[in-house]
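Breakdown of the fold
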Amino acid sequence: MPSVLVELRPNKKLLDHEFEGYKINLQSLAQYNLKLTTTADRLYPDEVQYSFVHAKLFALHNHLIFDVWDHQYNFYYIDNQQQVINVTFDNINNSFQTAVVYDIPQHVERKPGHFNLCLTFPANYLAIISDGTGFLHIVDTGTRNRPATDKQPWNTIHSSLALGEGKYFTVVDSRMQKKCNVDILHCLLQSVEQNDNHFDTVLTWLSFEFIDHKWKQFAKREVKGKGIVHYAAFETQCQALYIASDNMFKFTSDSVKNILPPQQPEQKPIIYTWLQTADDITVTLKLEDNFDKKLLFVHVTPLSIKIRYAGKEFVSGKLKNKVDSELTTWNIQDNGQVDVLITKSESDMWNELIEGGDQNGKEILDASLVEEIHQRLAHLCSETEVMSDQPLTSLASQELEECDAASEEDTVLARLDTTTHEITHRIPLSVHHYLFSINLETHEAPALVLRHDVDGCVWQPFTQPFNSDSWPIKHYGTLMAFGYVQSSKTNRKFVTCAPNFSYSVVCEAKKHIFIYKCAAEETQLRRRTAGVMKTIKVGQQHVINIDMFGEVLGVHATNEYLFVLTEKNLIAICI
């Protein structure tokens, strides 16, 4: 079954075409700093990790983990001693509390090919940790909605070499599910495989069930594709995967259900051909041996055609355009070939003979006509200069900005169904360039922020309704002019926004953090030529210098604060 093409239509009520941009605000924002006693553990790509896929995985790895299940400002990072550090920010006293809550078991010596450590929270009492060396740990965290110094140590309840010896990965997503009163845990792992002259991204879907007080793996699925993955997440009911990438991904293995080869559509035999010029059409068909001319029936009207022999129908239907039916002729050769000549009412080339198409027939091209067309278009691929009496209009490259340049990538957001192993829905993103993702709801997949014109639109995908062909994806909010401003920042590393969309952030690696407050205020500009005052809406831009703190390793935006993890500090910026 072919996949459904979904069109993104932004909610006009969430767009503001009167918004003009941002003006710089030199007022400093309050900052609260925590000096780290131990730095975050960080790996760099090595000699075997030289592809662009590896570079992006390492460069954009966010080492600051926010607990979406906790209503306090509880953050986590893994230090260079492979310990999970919990940091709680008290927004009343503007102070920090820190504590070690977990020591990752089996400190394996780092080798080429290893990845950064990962931490995710699929539930309010569970954590998934990958040590980057191939081990996956399921951890009982207990209650986490309390300050760092009041937390109990975490306990490991399951550990395994998830993909086997020598296979390393990062954790992309995790989700809890309850079926028939049994807790089921799903983990989505990303690894990279070298295949000939290119690198494939492999997404492995592991499923565990909690039986007899133990977690046991019962399913393993694998999805593979070429190149990078911009976005990957579980559907809420864990019946499908959402993947945004520049190349299509497909299921390559499934331990639960065999992957059937794709069914090829049944090809009907061609029983007639047609050839056209600008003035006429010739329909050709072949009769059976020992044919009888009296059994051939040809009937052509200005808008229809019907050709039948001995009760067998060769051609029947409404013609694409009007013809002069009185000039229709046909000829039967000794070998049974029938040629029906139809004269067009107007000189034109048809894209089909029968309106709506006809699988029984096939158009063949006249070699002389093809050559004529090639000669007419030869100048388009000629190495000689095209001379014309009219000067050609040119476009100065100085007038183009980087964000206006066309992208060679053809990014698509696809829904891969686990039942059929097929792509059920596709959303082309080549026009709506993918910017970043953000968690808005604990029980939903992360939302995608896509560029729409100059804005950034936030789209939340939902589960496909039962027995429905639709794939609901809702426009939740808009980051005004953010699609434009983020494109102008060539040194950006992390991009994010507040959950209520009140501000957006572009964070460089070492120098600056750009904060764009979307709350529009009216101001007036004077047009120089006419001296007319014009009222416009603008937001505020704040620029924060961070070069004194070292490289930025992670960020997270809340509605009131922007938290930034660097090599030396954890910074809370009051918005």
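Residues numbered from 1 in each chain as written. Predicted model: local features only at pLDDT ≥ 70, side-chain atom pairs only at ≥ 80, totals over all residues. Heavy atoms only, no water.

As named in an unreviewed UniProt entry, the chain is NudC domain-containing protein 1, taken from Danaus plexippus plexippus.

**A few points about a nonpolar patch on the surface**
Selection rule: Note on patches: the residues involved have over 30% relative accessible area and no salt bridge, like charges join within 9 Å, and the nonpolar side chains Val, Leu, Ile, Met, Phe, Trp and Tyr join within 5 Å. Only the protein chains shown count as covering a residue, and every accessible area follows the Shrake-Rupley method with a 1.4 Å probe. We define a salt bridge as a side-chain nitrogen of Lys or Arg found within 4 Å of a carboxyl oxygen belonging to Asp or Glu. Strands here mean DSSP runs of E at least two residues long; helices mean DSSP runs of H or I at least four residues long; both are numbered from the N terminus.
Together, Ile24, Leu26 and Val543 line one region of the surface with nonpolar side chains, adding up to about 320 Å² of accessible area. Tracing the chain through its elements places Leu26 in the loop between β2 (19–24) and β3 (31–35).

**Some words on the pattern of salt bridges**
If the charged atoms of two oppositely charged side chains come close together, the side chains can form a pair. Applicable threshold: For each residue, the accessible area found with a 1.4 Å probe, counting protein chains only, is set against the maximum for its type, and the residue is called buried under 20%, exposed over 50%, and partly exposed in between.
Under the counting rule described, the total for this entry stands at 14 salt bridges. With a shortest N-O distance of 3.5 Å, Lys320 and Glu352 are connected by a salt bridge. Of this pair, Lys320 sits in the loop between β23 (312–318) and β24 (323–332) while Glu352 sits in the loop between β25 (337–344) and β26 (361–363), and the two are 32 residues apart along the sequence. By relative accessible area, which is 28% here, Lys320 ends up partly exposed. Overlapping salt bridges, with partners in common, bring together Asp16, Glu18 and Lys537 in one network.

**As for the pairing of strand β13 (residues 182–195)**
Defined as follows: Pairing between two strands is assigned when DSSP locates at least 2 bridges connecting them.
Of all 14 residues that make up β13, 10 are buried, and the element is covered over most of its length. Note: strand β12 (residues 170–179) against β13, 9 bridges, orientation antiparallel. Pairing of Ser174 across the sheet is with Cys187, part of β13. Between β12 and β13, which follow one another and run antiparallel, lie 2 residues, and Cys180 among them has a positive phi close to 50°. As paired elements, β13 and strand β14 (residues 198–211) share 12 bridges and run antiparallel to each other. Following the sheet pairing, Ile184 is matched in β14 by Glu209. In textbook terms, the turn of a hairpin is the stretch between consecutive antiparallel strands, and for β13 and β14 this stretch comprises 2 residues, one of which, Asp196, has a positive phi near 55°.

**Overview of the sheet that holds β23**
Quick note on the threshold: Angles shown run from 0 to 180 degrees and are taken between the N-to-C directions of axes, each axis being a line fitted to C-alpha atoms and, for helices, limited to the stretch in contact.
Here 3 strands make up an open sheet; going across it, the order is β21-β22-β23 and the pairing antiparallel. Edge strands, defined here as strands with exactly one partner in the open sheet, are β21 (296–301) and β23. Across the sheet, the mean angle separating the axes of adjacent strands is 5° when strand polarity is ignored. Taken together, the 6 bridges between β21 and strand β22 (residues 304–309) define a ladder with antiparallel strand orientation. In the sheet register, Thr301 faces β22, and the bridge partner there is Ser304.

**Quick notes on the nonpolar core**
For clarity, the threshold we go by: Each nonpolar core is a collection of buried residues, namely Ala, Val, Leu, Ile, Met, Phe, Trp, Tyr and Cys, held together in the definition by side-chain atoms within 4.5 Å. Any two residues whose heavy atoms approach within 4.5 Å at even a single point are treated as in contact.
Ranked by internal contacts, the top residues of the largest apolar core, which has 23 residues, are Tyr272, Val283, Ile305, Ile307, Val315 and Leu353. When residues of this core are traced back to their parent elements, those giving at least two are β19 (272–276), β20 (280–286), β21, β22, β23, β24 and β25. The residues contacting Val315, other than those within four sequence positions of it, are Tyr272, Val283, Ile305, Lys306, Ile307 and Ile354. Counting 21 residues, the second-largest nonpolar core is a separate cluster that includes Tyr22, Leu435, Ala481 and Phe514.

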